[in-house]
There are 2 protein chains.
Amino acid sequence: MSLPIDGVRELALRPAGWLSGRGPHADTVLSGRVRLARNLARIPFPQAAGDQVRNEVLSTVKPAAMENDYFRGAAFFACQDLSPLGKQALVERRMASPDLAGMGPGSGVLIGSEQSLSLMINEEDHVRLQSMFSGLDLLEAFRVVDQIDDQLQEILDCAYSEEWGFLTACPTNVGTGLRASMLIHLPALVLTRQIDEALKAMVQVGMTVRGLYGESSEVAGHLFQISNRTSLGSTELEIIESVERAGRHLLESEVRARETLMEQAGRETEDKVWRALGILGSARVLNSEEFLNLSSAVRMGLSLGLIQSPGLGVLNELLVLTQPAHLQLYCDQAMEARERDIKRAEIVRERIKGWIT
Amino acid sequence: MSLPIDGVRELALRPAGWLSGRGPHADTVLSGRVRLARNLARIPFPQAAGDQVRNEVLSTVKPAAMENDYFRGAAFFACQDLSPLGKQALVERRMASPDLAGMGPGSGVLIGSEQSLSLMINEEDHVRLQSMFSGLDLLEAFRVVDQIDDQLQEILDCAYSEEWGFLTACPTNVGTGLRASMLIHLPALVLTRQIDEALKAMVQVGMTVRGLYGESSEVAGHLFQISNRTSLGSTELEIIESVERAGRHLLESEVRARETLMEQAGRETEDKVWRALGILGSARVLNSEEFLNLSSAVRMGLSLGLIQSPGLGVLNELLVLTQPAHLQLYCDQAMEARERDIKRAEIVRERIKGWIT
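All figures in this text were calculated on a predicted structure; none of them were measured in a lab. (Residues numbered from 1 in each chain as written. Chains lettered and ligands numbered in written order. Predicted model: local features only at pLDDT ≥ 70, side-chain atom pairs only at ≥ 80, totals over all residues. Heavy atoms only, no water.)

### A short note on the overall build of chain A
Then, in step 1: Looking only at helices and strands, chain A features 12 helices and 10 strands.
Then, in step 2: The globule rule puts the C-alpha radius of gyration for 357 residues at 21 Å, and the 21 Å found for chain A is close to it.
Then, in step 3: Structurally, chain A occupies a C-alpha span of about 65 × 50 × 30 Å along its principal axes.
Then, in step 4: Within chain A, buried positions represent 57% of all 357 residues. (Helix = DSSP H or I, 4+ residues; strand = E, 2+ residues; numbered from the N terminus. Rg over C-alpha atoms; globule rule 2.2 N^0.38 Å. Buried < 20%, exposed > 50% of the residue type's maximum accessible area, 1.4 Å probe, protein only.)

### Here's the deal with the interface of chain B and chain A
Note: interface size is frequently given as the accessible area lost on complex formation between the parts.
Then, in step 1: Contact with chain B, which involves 20 residues of that partner, is made by 20 residues of chain A.
Then, in step 2: For chain B, the biggest contributors to the area lost against chain A are B:Arg267, B:Arg275 and B:Arg284; these three give 33% of the whole.
Then, in step 3: Our count for the chain B to chain A interface comes out at 4 salt bridges.
Then, in step 4: Salt-bridge contacts for B:Arg275 lead to A:Glu290; the nearest nitrogen and oxygen are separated by 2.6 Å.
Then, in step 5: Here chain B and chain A share 12 residue pairs in polar contact (both at pLDDT 80 or more) between them.
Then, in step 6: Of all the elements, helix 8 (residues 236-280) of chain B adds the most residues to the side of chain B that touches chain A, at 8 residues. (Contact = heavy atoms within 4.5 Å. Buried area = accessible area lost by both parts, 1.4 Å probe. Salt bridge = Lys/Arg side-chain N within 4 Å of Asp/Glu carboxyl O. Polar contact = N/O pair within 3.5 Å; in protein donor to acceptor, adjacent residues only side chain to side chain.)

### Considering the nonpolar core
One broad trend across soluble globular proteins is that nonpolar side chains are buried collectively.
Then, in step 1: By size, the foremost hydrophobic cluster in this structure holds 54 residues, and its most contacted members are A:Leu280, A:Leu286, B:Leu280 and B:Leu286.
Then, in step 2: In contact with B:Leu280, not counting residues within four places along its chain, are B:Leu286, B:Phe291, B:Leu294, B:Ser295, B:Val298, B:Val348, B:Arg349 and B:Ile352. (Core = buried A, V, L, I, M, F, W, Y, C linked by side-chain atoms within 4.5 Å.)

### Brief notes about the sheet that holds strand 5 (residues 127-134) of chain B
Residue and element names in this part refer to chain B.
Then, in step 1: Read across the open sheet, the 8 strands follow the order 2-3-4-5-1-8-10-9; overall the sheet is antiparallel. Taken across any chain shown, the strands that pair with only one partner, and hence form the sheet edges, are strand 2 (75-78) and strand 9 (207-210). With strand direction ignored, the average angle separating the axes of adjacent strands in the sheet is 20°.
Then, in step 2: One ladder, built from 4 bridges, connects strand 3 (residues 108-111) with strand 4 (residues 117-121); its direction is antiparallel. Its bridge partner being in strand 4, Leu 110 is matched across the sheet by Leu 119.
Then, in step 3: Contacting strand 1 (29-38), strand 4, strand 5 and strand 8 (178-185), helix 5 (residues 138-155) runs over the sheet at an angle of about 20° to strand 1. (Pairing = 2+ DSSP bridges. Axes fitted to C-alpha atoms, helices over the stretch in contact; angles between N-to-C directions.)

### A closer look at unusual backbone geometry
All names here are of chain A.
Then, in step 1: Geometrically, the link from Ser 309 to Pro 310 is a cis peptide bond, its omega value of 0° lying close to zero.
Then, in step 2: For Pro 310, the location among the structural elements is in the loop between helix 9 (288-303) and helix 10 (312-321).
Then, in step 3: Positive phi, close to 65°, is recorded for Arg 94, a residue that is not glycine.
Then, in step 4: Residue position: Arg 94 is located in the loop between helix 3 (84-92) and helix 4 (98-101).

### Describing the packing of aromatic side chains
Within a pair of aromatic rings, the relevant descriptors are the distance that separates the centres and the angle that separates the planes.
Then, in step 1: For the structure on display, the rule yields 2 aromatic pairs over all chains.
Then, in step 2: Where A:Tyr160 meets A:Phe166, the ring centres are 4.8 Å apart and the plane angle is 70°; that geometry is what we call edge-to-face.
Then, in step 3: Accessibility expressed as a relative area gives 46% for A:Tyr160, which makes it partly exposed.
Then, in step 4: Residue placement shows A:Arg94 over the ring face of A:Trp18; its charged tip is 4.7 Å from the ring centre.
Then, in step 5: Positioned above the aromatic ring of B:Trp274, the side-chain terminus of A:Arg284 is 3.8 Å from the ring centre. (Phe/Tyr/Trp six-rings, centres within 6.5 Å; stacked < 30°, edge-to-face > 60°. Lys NZ or Arg CZ within 6 Å of the ring centre and 35° of its normal.)

### Side note on the side chain of B:Lys87
Then, in step 1: Along the polypeptide, B:Lys87 turns up in helix 3 (residues 84-92).
Then, in step 2: Non-local contacts of B:Lys87, meaning those with residues more than four positions away in its chain, are made with B:Cys79, B:Leu82, B:Ala101 and B:Met103.

### So, the confidence of the model for chain A
Do not read the fine detail of predicted coordinates wherever pLDDT is low.
Then, in step 1: Summing up the model confidence of chain A, the mean pLDDT is 93 and the portion of residues at 70 or higher is 96%.
Then, in step 2: Scoring the predicted complex yields pTM 0.90 and, for the interface, ipTM 0.88. (pLDDT = per-residue confidence, 0-100.)

### Thoughts on the relation of the copies chain B and chain A
A rotation about an axis combined with a shift along that same axis relates the two copies of the chain.
Then, in step 1: Once chain B is rotated about the relating axis by 180° and shifted along it by 0.1 Å, it coincides with chain A to within an RMSD of 0.0 Å. Each copy turns onto its partner about a two-fold axis. Among all residues of chain B, the one whose C-alpha sits closest to the rotation axis is B:Gly278, at a distance of 2.2 Å.
Then, in step 2: Comparing interface residues between copies, 100% of those in chain B also sit at the interface in chain A, which points to an isologous, same-surface contact. (Least-squares fit on C-alpha atoms with pLDDT ≥ 70 in both.)

### Some words on the sheet that holds strand 3 (residues 108-111) of chain A
Residue and element names in this part refer to chain A.
Then, in step 1: Pairing in this open sheet of 8 strands is antiparallel, and the strands run 2-3-4-5-1-8-10-9 from one edge to the other. Lying at the two open borders of the sheet, with one neighbouring strand each, are strand 2 (75-78) and strand 9 (207-210). Across the sheet, the axes of successive neighbouring strands diverge by a mean angle of 20°, strand direction being ignored.
Then, in step 2: Relative to strand 10 (residues 223-228), strand 8 (residues 178-185) runs antiparallel, the two being bridged by 5 bridges. The residue of strand 10 that forms the bridge with Met 182 is Ile 226.

### With respect to the pairing of strand 10 (residues 223-228) of chain B
Then, in step 1: Across the 6 residues that make up strand 10 of chain B, a large majority, 6, are buried.
Then, in step 2: Residue alternation in strand 10 of chain B divides its side chains into two sets, B:Leu223, B:Gln225 and B:Ser227 and B:Phe224, B:Ile226 and B:Asn228, and both sets are buried.

### A few points about helix 8 of chain B
Then, in step 1: With 45 residues, helix 8 of chain B ought to run about 66 Å at 1.5 Å a step, yet its terminal C-alpha atoms sit only 42 Å apart, falling short of that.
Then, in step 2: B:Ala265 marks the point of greatest bend in helix 8 of chain B, at about 105°. (Expected span 1.5 Å × (residues − 1). Bend = angle between axes of the 7 residues up to and from the residue.)

### Quick word on the packing of helix 9 of chain A against helix 10 of chain A
Residues and elements named next belong to chain A.
Then, in step 1: As a packed pair, helix 9 and helix 10 sit with axes 11 Å apart at the nearest point and diverge in direction by 165°. Considering their axes alone, helix 9 and helix 10 lie roughly antiparallel with respect to each other. As helix 9 runs across helix 10, the sense of the crossing is left-handed. Between helix 9 and helix 10, the contacting residues are Phe 291, Leu 292, Ser 295, Val 298, Arg 299 and Leu 302 on the first element and Leu 312, Leu 315, Asn 316, Leu 318 and Leu 319 on the second.
Then, in step 2: Within the contact of helix 9 with helix 10, the residues separate by chemical class into 8 nonpolar, 2 polar and 1 charged. (Parallel < 35°, antiparallel > 145°, perpendicular 65-115°, else oblique. Left-handed = near helix turned anticlockwise from the far one by under 90°. Nonpolar A, V, L, I, M, F, W, Y, C, P; charged D, E, K, R; others polar.)

### Some words on helix 2 (residues 51-66) of chain A
Residue and element names in this part refer to chain A.
Then, in step 1: Taking 1.5 Å as the rise per residue, helix 2 with 16 residues should run 22 Å; its terminal C-alpha atoms sit 22 Å apart, in good agreement.
Then, in step 2: Among the residues of helix 2, those classed as buried are Arg 54, Val 57, Leu 58, Val 61, Ala 64 and Ala 65. Summarising the axial view, the buried residues of helix 2 lie within an arc of 155°, below the 170-degree limit, and thus occupy one face.
Then, in step 3: Where the residues of helix 2 are buried, they touch strand 2, strand 3, strand 4 (117-121), strand 5 (127-134) and helix 5 (138-155). (Arc of directions from axis to C-beta.)

### Focus on the pattern of salt bridges
All names here are of chain A.
Then, in step 1: Applying the stated rule across the entire model yields 35 salt bridges over all chains.
Then, in step 2: In this structure, Arg 258 engages Glu 254 in a salt bridge whose closest nitrogen and oxygen atoms are separated by 2.5 Å. Of the two residues, Arg 258 and Glu 254 both sit in helix 8 (residues 236-280), 4 residues apart, roughly one turn of that helix. Across the pair, Glu 254 and Arg 258 agree in class, each one buried.

Structure follows, in structure tokens:
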């Protein structure tokens, strides 16, 4: 039974820019992301607005955004037209938030052709613009959203107070409306039991720590999201710099922890990496969590030079492709958890085998 | 640092007949073995004899045995000339017993050129003759020892009583002096929790159940040794038949358990087999016990046709080659446990990689 066609499949099977594995420190910092929250002046926030108002917001914001060069060739997906699977796939690709997936008429997302850029309309705010790059390059991500924002501001009348800055539905976003985050892989800090201390230090410098898929997600595969907690009282660049500084600090701690690990248990670490590769290349049943944990070991092995392949691009692609909605889109078939575990193993095997030597 | 040369190395690195993986049901019954215990009349048993007597026994039995065609090209190893490692390697190859390894002057073992045949002198009895074949072929193993025994009887004056039969140091061997055994692989009976019942039934029909390396050895890798408990009150052929019958019964139970396993958890079984192969082909540190357990899964996979390679011969060879003394002989180097775990992983990997697809 084929799946209903809602356009997400084609997008989901194309490589996304942020998964390329290129960019500074991309072996450990999977991606850097900057998003801006904006709202139209004198119009209720999406949660408080009726369908008519929300549709008006959509028909104001969408054409304004599409005038921008960055959105040339972009695809728009209206929430009401998307299947649950399509929505889930956009969340898995980090092109839409789980919150957007729950919204109805007037809500949707515009996704740039390289899938490094997305603009959600009528999510928590009228506009949520995000740019995401492979590796640690928050400044570049900020440069992109800032340029788009400048052009949008010329067309749209945004809610802004001289005292507070940009107004947003949630007070934590008031001010710059900016959130900068990075997805960072910290296996050695976990293995050497330094992670709690390292994350506590992050909180002390104003960062929020979350798992791979946002606030409610568990920390799986040693992947952590670090972002600024507040967006008020600092300039955009100050926020970017504070997140980047915190990220670099974590990165350095992780590098030191890896050195310790290799000094004190080099052979065991190598063993762990190769076994993970061996299992990924041979398993016939593989659940998401195990995939994340095994691929964490492989990623660390690549980063440490213990193995040379598969490349980061392959690992990053699998990170998304092995998730439930992507698996079903890839196979063009609705599948229960058990079938997915079998198909996941098959897909991973295809990409991993041949790398085991 | 090279190891002292005592001739065992050359033997240990040659394939042994019983490891070939050929013969009836060799995928599940690794080997069938028949041994006879004999003693020279009017001479104290080895434990009670002094060095001089023991040396006389040696110089009587050894030339008598070497006259036999089956021992053409055989190698003789005197216990007092063997290094501890050499002794251990002969035990690992199942050419000598742990008891022989502890004996001094006058004790030794004559090993046939194909390593299917061995004759221990001054172990528990003056003569312990064993024949061992790959697969379930106790009759053939008996035929060989019986022929050799007939020729030996013509030369040697053996302790024999009309009432009791052949006299031996331990009462359990009195009578025929025959013990027939098989090494059988029962993973599905273990996995389906039927093993205790199956082994209890063996005991009820007069069998003894042990692990891979005799009485005191733990049951590792789902490998069990089944043998007759007493050698009195039945003819040789009756004993052989009773052990063979018991073994066939176990074999059938194992086959049924595998069918159940495949029906109820076929995918998981396949997964287990492939993962075992994946880990064996990639691990960098591997201890004996883990090797036995992983190779158990691979062996079952071969038997079930879930995988086609590596062959049984490779698995059987590794069963011996991965053991402590063999590893050290193979590398021609004394090694501590940790070094062995690393070298074991390397040797297994060399033989397994390329089979993972």
